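If you want the building blocks of each chain, they are given just below.
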Amino acid sequence: MNPELQTAKDLALQAGEILLKHYAGELSVEWKGKNDPVTAADREASRFIVGELRRLFPHDAILSEEEKDDLRRLENPRVWVIDPMDGTKEFIARRGEFAVMIGLAFNGEARLGVVYQPTEGKLYSAAPGEGAFHSQGGMTRQLQVSDAADFANATMALSRSHLSGTTEAIRRKLGIEHTIQTGSIGIKIGLICEGQADVYIQGRGTSLWDTCGPEAILREAGGTITDALGNSFRYNVAETRNLHGVIATNGTLHAKVVETVRSFRQPA
């Protein structure tokens, strides 16, 4: 197995145990900004993952949501991109729909990824050219997106905590009737990788650490992810926010989704 992938999987599982330890006790919540909570669990998981990656891969750069950004990462061809807990609001609400997400970008491109949902023991993973896999309950299977080409038969993954009226309007315009609602972006993209969903749209509020790991997995499962303008994500840029949103699909539906989303962004 790819040694970086094995490391990422091991660290995600161990970070998941840290999150579950906090999940079972009293939660300490702070606010980094409006609608942006952080807990002691986020910070402890981040310290653990970052510390281990620095020890094991001392020449690699690291970008983590809960750590100060070191722009020297822009000069490094290998950058680990980490969200120690995606879905903090679901964690606080004790809905279980949160995940550890670890990605590795090579020359600005997401290539390796792990998404782990500790409450379900569900692990998504992928390395370049090796396929994408789902592991749970001692069983592992390879992931492949659906071949859905008709929006009437497609399913849209919707956000639990960030659902917008615009997203609903886009869904209606596309003619998608079936939906699945859950938390973490990594879990939603995982559902596309599993073929349980076909489309996910997020207009704002995501950053590089939200997309790097999931993107690597989705690509290996045969899907497509871009911003709302149809542009690929780059992970060797100073701006950490995904300023133009996120569109993830099974690939077959992608062009039409981008076209429709762009139509909502045009001035009246």
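Refer to the structure printed above.
The following paragraphs examine the structure supplied in this document. Values in this document were obtained by computation on a predicted structure and should not be read as measured data.

## Side note on the overall build of the chain
Consideration 1: A tally of helices and strands in the chain yields seven helices and 14 strands.
Consideration 2: Relative to the 2.2 N^0.38 estimate, which gives 18 Å for 268 residues, the radius of gyration of the chain is 17 Å and therefore close to what a compact globule would have.
Consideration 3: Counting only C-alpha atoms and orienting by the principal axes, one finds that the chain spans roughly 50 × 40 × 40 Å.
Consideration 4: By residue count, 55% of the 268 residues in the chain fall in the buried class.
Consideration 5: Long-range contacts, defined here as pairs at least 24 residues apart, represent 61% of the contacts in the chain between residues at least 6 apart.
Consideration 6: Side chains of the chain carry 30 positive and 35 negative charges; the gap between the two charge centres is 4 Å.

## A few points about the nonpolar core
Consideration 1: Ranked by size, the top nonpolar core spans 35 residues in total, and within it Ile189, Tyr200, Ile217 and Leu218 carry the most contacts.
Consideration 2: If near-sequence neighbours (up to four positions away) are discounted, Tyr200 is found in contact with Ala157, Ile185, Lys188, Ile189, Ile192, Val246, Ile247 and Ala248.

## Notes on the packing of aromatic side chains
Consideration 1: The tally for this structure, following the rule as stated, stands at four aromatic pairs.
Consideration 2: Here Tyr23 and Phe91 contribute two aromatic rings whose centre-to-centre distance is 5.3 Å and whose plane-to-plane angle is 40°, an arrangement assigned as tilted. Of this pair, Tyr23 sits in helix 1 (residues 3-23) while Phe91 sits in helix 3 (residues 88-92); the two residues are 68 residues apart in sequence, bridging distant segments of the chain.
Consideration 3: According to the relative accessible area criterion, Phe91 is buried, its value standing at 0%.
Consideration 4: The positively charged end of Arg94 is found above the aromatic ring belonging to Tyr23, 6.0 Å away from the centroid.
Consideration 5: Positioned above the aromatic ring of Phe106 is the side chain of Arg111, whose terminal nitrogen or guanidinium carbon lies 5.8 Å from the ring centre.

## Describing the packing of helix 1 against helix 2 (residues 40-56)
The description of two packed helices rests on the angle between their axes and on the distance between the axes.
Consideration 1: Put simply, helix 1 and helix 2 touch, their axes get as near as 9 Å, and they point 155° apart. On the basis of their axis angle, the class for helix 1 and helix 2 is roughly antiparallel. Crossing hand, helix 1 versus helix 2: right-handed. Within the contact between the two elements, helix 1 uses Thr7, Leu11, Gln14, Ala15, Ile18, Leu19, Lys21 and His22 and helix 2 uses Ala40, Ala41, Asp42, Glu44, Ala45, Phe48, Ile49, Glu52, Leu53 and Leu56.
Consideration 2: The residue inventory of the contact of helix 1 with helix 2, partitioned by class, reads 11 nonpolar, three polar and four charged.

## A word on the sheet that holds strand 4 (residues 78-86)
Consideration 1: One open sheet accounts for seven strands, arranged 3-4-5-6-7-8-9; its pairing is mixed. Where the open sheet ends on each side, the last strands, each with one partner, are strand 3 (61-64) and strand 9 (139-142). Each strand of the sheet is rotated relative to its neighbour by a mean of 15°, with strand direction disregarded.
Consideration 2: Strand direction decides the pairing type here: strand 3 and strand 4, joined by four bridges, are parallel. Paired with Ala61 across the two strands is Val79, which belongs to strand 4.
Consideration 3: Packing against the sheet, helix 1 makes contact with strand 4, strand 5 (99-106), strand 6 (109-117) and strand 7 (122-126), and its axis sits at approximately 35° to strand 6.
Consideration 4: Where helix 2 meets the sheet, its contacts fall on strand 3, strand 4 and strand 5, and the angle it forms with strand 4 comes to roughly 155°.

## Digging into the layout of surface pockets
Consideration 1: In this structure, the second largest pocket encloses a volume near 270 Å³.
Consideration 2: Together, 14 residues line the second largest pocket, and Arg54, Asp60, Ala61, Ile62 and Asp70 are the ones closest to its centre.
Consideration 3: Mapped by element, the contributors of at least two residues to the lining of the second largest pocket are helix 2 and strand 3.
Consideration 4: Examining the composition of the lining of the second largest pocket, we find that four residues originate from one element, strand 3, more than from any other.
Consideration 5: Here the residues of the lining of the second largest pocket are counted per class, giving four nonpolar, two polar and eight charged.

## Description of the pattern of salt bridges
Consideration 1: Throughout the structure, instances matching the rule amount to 14 salt bridges.
Consideration 2: Among the salt bridges present, the one from Asp60 reaches Arg78, with a minimum N-O distance of 2.8 Å. Here Asp60 is found in the loop between helix 2 and strand 3, whereas its partner Arg78 is found in strand 4, with 18 residues between them in sequence.
Consideration 3: You can call Asp60 buried: its relative accessible area is 15%.
Consideration 4: One connected set of salt bridges, linked through shared partners, spans Glu4, Asp60 and Arg78.

The rules behind the values
Residues numbered from 1 in each chain as written. Predicted model: local features only at pLDDT ≥ 70, side-chain atom pairs only at ≥ 80, totals over all residues. Heavy atoms only, no water. Helix = DSSP H or I, 4+ residues; strand = E, 2+ residues; numbered from the N terminus. Rg over C-alpha atoms; globule rule 2.2 N^0.38 Å. Buried < 20%, exposed > 50% of the residue type's maximum accessible area, 1.4 Å probe, protein only. Contact = heavy atoms within 4.5 Å. Lys, Arg positive; Asp, Glu negative; His and termini not counted. Charge placed at Lys NZ, Arg CZ, Asp CG, Glu CD. Core = buried A, V, L, I, M, F, W, Y, C linked by side-chain atoms within 4.5 Å. Phe/Tyr/Trp six-rings, centres within 6.5 Å; stacked < 30°, edge-to-face > 60°. Lys NZ or Arg CZ within 6 Å of the ring centre and 35° of its normal. Axes fitted to C-alpha atoms, helices over the stretch in contact; angles between N-to-C directions. Parallel < 35°, antiparallel > 145°, perpendicular 65-115°, else oblique. Left-handed = near helix turned anticlockwise from the far one by under 90°. Nonpolar A, V, L, I, M, F, W, Y, C, P; charged D, E, K, R; others polar. Pairing = 2+ DSSP bridges. 1 Å grid on protein atoms, 1.4 Å probe; cavity = no way out; pocket = protein on both sides within 12 Å on 5 of 7 lines; lining within 4 Å. Points joined across faces, edges and corners; volume = space filled by probe spheres on them. Salt bridge = Lys/Arg side-chain N within 4 Å of Asp/Glu carboxyl O.

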